[in-house]
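What follows is the residue order along each chain.
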Amino acid sequence: RPSKRAQFSSDRAWYRARLEGRTGDGFQVLFIDYGNSETVPAARLRPIPAGVPSPAQVPAQAAEYHLAYIKPPKDEELKRDAAALVEEVLAEHGGQVGCKVEFKERSGRVHATLYSKTTGESISSLLLRSGLAKIERRRLDP
């Protein structure tokens, strides 16, 4: 996927980004060193300048993790509810939760279990109990 730099809407600073897809009025980008994404107009995209390391020279600093053994709901409203529950749990724990890597796919995608350091309960079990996730019975690319 092509790498560029994109201007982030919140602070107007330029960051390394990967183009994820085209939308009607711009591009969906992933800011590779932070892990967040947004849609930006083409006018807010630039080539990576010579003085800035390319992803081939300095790998992305953000790593993509997936919750292991569960799959999110297909319904968009339920997905938002699931994301809100995860954000709530993270906020309750000051962003500090435990993480156990369960497996890595050949593609490099990491699947992990996140859990409360105080109770030991996994975020996945909260999502399952709330009806906001289902058990994933297979690994896609072990």
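Cut-offs used in this document
- Residues numbered from 1 in each chain as written.
- Predicted model: local features only at pLDDT ≥ 70, side-chain atom pairs only at ≥ 80, totals over all residues.
- Heavy atoms only, no water.
- Pairing = 2+ DSSP bridges.
- Helix = DSSP H or I, 4+ residues; strand = E, 2+ residues; numbered from the N terminus.
- Polar contact = N/O pair within 3.5 Å; in protein donor to acceptor, adjacent residues only side chain to side chain.
- Contact = heavy atoms within 4.5 Å.
- Axes fitted to C-alpha atoms, helices over the stretch in contact; angles between N-to-C directions.
- Buried < 20%, exposed > 50% of the residue type's maximum accessible area, 1.4 Å probe, protein only.

Participant: What am I meant to see in the sheet that holds strand 2 (residues 14-23) here?
Facilitator: Two pairing modes exist for strands in a sheet, parallel and antiparallel, and in both the strands are linked by backbone hydrogen bonds. If you walk across this open sheet you meet the five strands as 4-3-2-1-5, and the pairing is antiparallel. Two strands close off the open sheet at either side, each with one partner strand: strand 4 (37-40) and strand 5 (45-46).

Participant: Sorry if this is basic, but what is going on with the side chain of Gln7 here?
Facilitator: Residue position: Gln7 is located in strand 1 (residues 3-7). Engagement of the side chain of Gln7 in a polar contact is seen with the backbone oxygen of Arg12, the distance being 3.0 Å. When residues no more than four places from it in sequence are discounted, the contact partners of Gln7 are Arg12, Ala13, Trp14, Phe31, Glu38, Val40 and Arg44.

Participant: Help me out: how do you make sense of the sheet that holds strand 6 (residues 65-67) in this one?
Facilitator: Strand order in the open sheet formed by three strands is 6-9-8, and the pairing between neighbours is mixed. The open sheet has two edge strands with one neighbour each: strand 6 and strand 8 (98-104). Between one strand and the next, the sheet's axes are offset by a mean angle of 40°, whatever the strand orientation. In the sheet, strand 6 pairs with strand 9 (residues 110-115) via three bridges, with the strands oriented parallel. Bridging from a neighbouring strand, Leu67 pairs with Ala112 of strand 9.

Participant: Would you take a moment to explain unusual backbone geometry for this structure?
Facilitator: Most peptide bonds adopt trans geometry, and most residues besides glycine take a negative phi value. Even without glycine at this site, Arg12 takes up a positive phi of about 65°. By the element assignment, Arg12 lies in the loop between strand 1 and strand 2. A residue is classified by how much of its surface remains accessible, and Arg12, at 49% relative accessible area, is partly exposed. Backbone geometry at Tyr69 places phi at a positive 65°, although glycine is not the residue there. Inspection of the secondary structure puts Tyr69 in the loop between strand 6 and strand 7 (70-71).

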